[in-house]
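Close look at the chain arrangement
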Amino acid sequence: MTRLAATGLQLAYERRVVAEDLGVEIPDGSFTVIVGPNACGKSTLLKALARTLRPRSGSVLLDGKDIREVPAKTVARTLGLLPQSSIAPDGITVADLVARGRYPHQGLLRQWSANDEEVVQQSMLATGVADLATAFVDELSGGQRQRVWIAMALAQQTPLLLLDEPTTYLDIAHQLDVLDLCARLHSDAEHTLVAVLHDLNQAARYATHLIAMRDGRIVAEGKPAEIVTAALIEEVFGLPCRVVECPETGAPLVIPAARRAVLSGHPLVALDHGSGSNLAP
Amino acid sequence: MTVIRTGTVSVRLRPRSVLAGVVVLAVAVGCALLLLSTGDYPLSPDAALKAVLGSGTPADAYIVQELRAPRVVTALLAGAALALAGAIFQALTRNPLGSPDVLGFTQGSAAGALLAIVVAGGGSLTLAAGALVGGIVTGAGIYLLAVRHGTHGNHLVLVGIGVAAVLTGVNGYLFTRAEITDASRAMLWLTGSLDGRGWEDALPLLGVLAVVGPIVLFGLSRPLSALALGDDQALALGVRVTPVRVSLLGAAVLLCSAAAAAAGPVAFVALTAPQVARRITGDPGPNLLSSLLVGAALMTSADLAAQRLVPGRDLPVGVLTGILGGAYLVWLLAARRRFAGGGRS
């Protein structure tokens, strides 16, 4: 049994059941990436692992214990989360925000130990935001802000860290910055990382363990080089493609098949810009 | 930042927040002393102090201890309680407009008080009880209406605005049913007034503040600052989100209902004090203690102005806080100045 695992999960929002009898084990020390089409349940699974979504049945196990039965602060010292959206209070500085990551290590009497200060500084250095310590978070660019949130998660000093679409809203260079940072955390600091990503090629490039989901089920999991095949991508995403070796990294690279052939015989409808018609062929 | 560490205790203080707190406290105490020593029967500060300590002449002691002190203490406590409630609501809803005036709690207290006056025809004790019960019932109602879709952020604000609108209608109806003397008494109470407040008004409020205040300031302030980052983030940091939020909502409802019971729904203190506190401390946190102090200072200075501004004619304190607080808010929105500019410590 790995440190973080789940068995028999039934995951649902109010009316819609997303997954039935879903089980997963996150390999210790891995950089696990979950991929899949929209609404496949990948973010839902991550939310369940992070205990921000309560499963209808089944349980998430942290070090073999049901995560719901472990005190919240104890979990927070082991398992960190970078949510899809967080709110930076108006007028908060980078250093103050990162310092809030120390919450699970603090108490009424122990509010700001020398260790807290040291860890916050190290977290800002590791994410390259130490120079911005006195800057206001709401004045930063999207890429800088995401690094600040990651710094806050690092300051929490959890061996396990979950990241929900950490590259959303970032341009390609900043996406790679964030993923490089994750890869470094994984290799240098020996964190176990679990991320949900949209970009298959980034997932294949950075993950040490890939989980492919569709319709609330895990279709395949394993090393990207072993499981990413044209057949799998077609099965998971319904996307005809070729898989080649990336000339830069040797990781599998998914190249979607040219679409002209697929669309032949379906001429595009003339667009009426005035009435906001949709683009569907 | 100044850090204090001894043994297992470690605390971090912002010099600017500490300085701001001391200055605001000095303003509150200064206004309180002025209120105690001036008026139709002026006393020297020395005589006023002696009267407070019980070593003055019997006449001085009576005027200060029985007439002026309860009013001053009620002003300090009601300002503190309203401001603390406002700071909690604003942090929980993550919205500067999330104050009891906007969320409907004030209207709930008013409905309770009006019912007490119009239906029960009660005296000041019934009125206070009505205000307290009205506020708490409204708080519970808003919570139950909002809980299905989450008692956070704008959802709570929107539900509160709806409830406030309904209650305003109910209150208007109650007014039309009231005798003219009852209606004018109710109107005075609704404006917020400290006139003729005795120890029977001040002491229950002191009790509520003495119990709820420390729980909030010491027990719930840190989880609240984590909640300000969003529910998921707070949970990730180890905050038990729902119990913490329910406790905070309960504390805030109790505080503003108790304040309304003692002094009426004094306008704008809950809305303005946390905003003023943020701007003078430059601290993004929930600023609970500094808001509390600002509220006390705001209320005593408004009462001072209300009593002395128009010679020979006392104004209800709510008129002053409404004008001051409202003008400040309009100025704030019009100027849109960065509150923390240059104030990093």
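Residue numbering note: each chain is counted from 1, following its sequence as written. Going through the entries in the order they are written, you letter the chains from A and number the ligands from 1. Whole-chain, interface and lining totals are the exception, using all residues; otherwise, since this is a predicted model, local features are given only for residues with pLDDT of at least 70 and side-chain atom pairs are given and counted only at 80 or more. Think of the side-chain values as coming from all heavy atoms in the structure, minus any hydrogens and water.

A short note on helix α14 (residues 317-335) of chain B
Note the threshold: Each helix is a run of DSSP H or I of at least 4 residues and each strand a run of E of at least 2, with the numbering of both proceeding from the N terminus. Here a helix's expected span is defined as the number of its residues, less one, multiplied by 1.5 Å. Type-normalised accessible area, obtained with a 1.4 Å probe on protein chains alone, sets the label of each residue: buried when under 20%, exposed when over 50%, and partly exposed for intermediate values.
When the terminal C-alpha atoms of α14(B) are compared, their 27 Å separation across 19 residues agrees well with the 27 Å that a helix rising 1.5 Å per residue should span. Those residues of α14(B) lying buried are Val317(B), Gly318(B), Leu320(B), Thr321(B), Gly322(B), Gly325(B), Gly326(B), Leu329(B) and Leu332(B).

Quick look at the pairing of strand β6 (residues 79-82) of chain A
Residue and element names in this part refer to chain A. Applied cut-off: In this scheme, strands are said to pair when DSSP sees at least two bridges between them.
Side chains of β6 alternate between two faces, with Leu 79 and Leu 81 and Gly 80 and Leu 82 buried alike. Bridge count between β6 and strand β7 (residues 160-164): 4 bridges; the pairing is parallel. Bridging from a neighbouring strand, Gly 80 pairs with Leu 161 of β7.

Section: helix α8 (residues 180-191) of chain B
Because each turn of an α-helix spans 3.6 residues, side chains separated by three or four positions in sequence point in the same direction. All names here are of chain B. Using the following cut-off: As used here, the arc belongs to the directions running from the helix axis to the C-beta atoms.
Compared with an ideal rise of 1.5 Å per residue, which puts 12 residues at 16 Å, α8 spans 16 Å between its outermost C-alpha atoms and is within 8% of the ideal. Within α8 the residues assigned to the buried category are Asp 182, Ala 183, Ala 186 and Trp 189. Seen from one end, α8 has its buried residues packed into an arc of 125°, which puts them on one side. Among the exposed residues of α8, those oriented more than 90 degrees off its buried face are Ile 180 and Thr 181. Gly 192 sits one or two positions beyond α8 and adopts a positive phi of about 90°.

Some remarks on the side chain of Lys42(A)
All names here are of chain A. The test is simple: Counted as positive: Lys and Arg. Counted as negative: Asp and Glu. His and the chain ends are not counted at all. By salt bridge we mean one thing: a side-chain nitrogen of Lys or Arg within 4 Å of a carboxyl oxygen of Asp or Glu. Whenever two N or O atoms come within 3.5 Å, that pair is a polar contact, provided that in protein one can donate a hydrogen and the other can accept it, and provided that, for residues adjacent in sequence, both atoms are side-chain atoms. Contact criterion: two residues are considered in contact whenever any of their non-hydrogen atoms come within 4.5 Å of each other.
Take Lys 42: it is sitting in helix α1 (residues 42-49). It is Glu 165 that comes nearest to the buried, bridge-free Lys 42 among opposite-charge side chains, at 5.0 Å. Of note is the side chain of Lys 42, whose polar atom sits 3.1 Å from the backbone oxygen of Gly 36. Those residues in contact with Lys 42 that sit more than four places away from it in its chain are Ile 34, Val 35, Gly 36, Pro 37, Val 196, Leu 197, His 198 and Met 213.

A closer look at the environment of Val228(A)
Residues and elements named next belong to chain A. Following the sequence through the fold, Val 228 ends up in the loop between α8 (224-227) and α9 (230-237). Taking relative accessible area as the criterion, Val 228 reaches 7% and is therefore assigned buried. The spacing of Val 228 and Ala 76 is 152 residues in sequence and 34 Å in space, taken between C-alpha atoms. Non-local contacts of Val 228, meaning those with residues more than four positions away in its chain, are made with Leu 210, Ile 233, Val 243, Pro 252 and Val 254.

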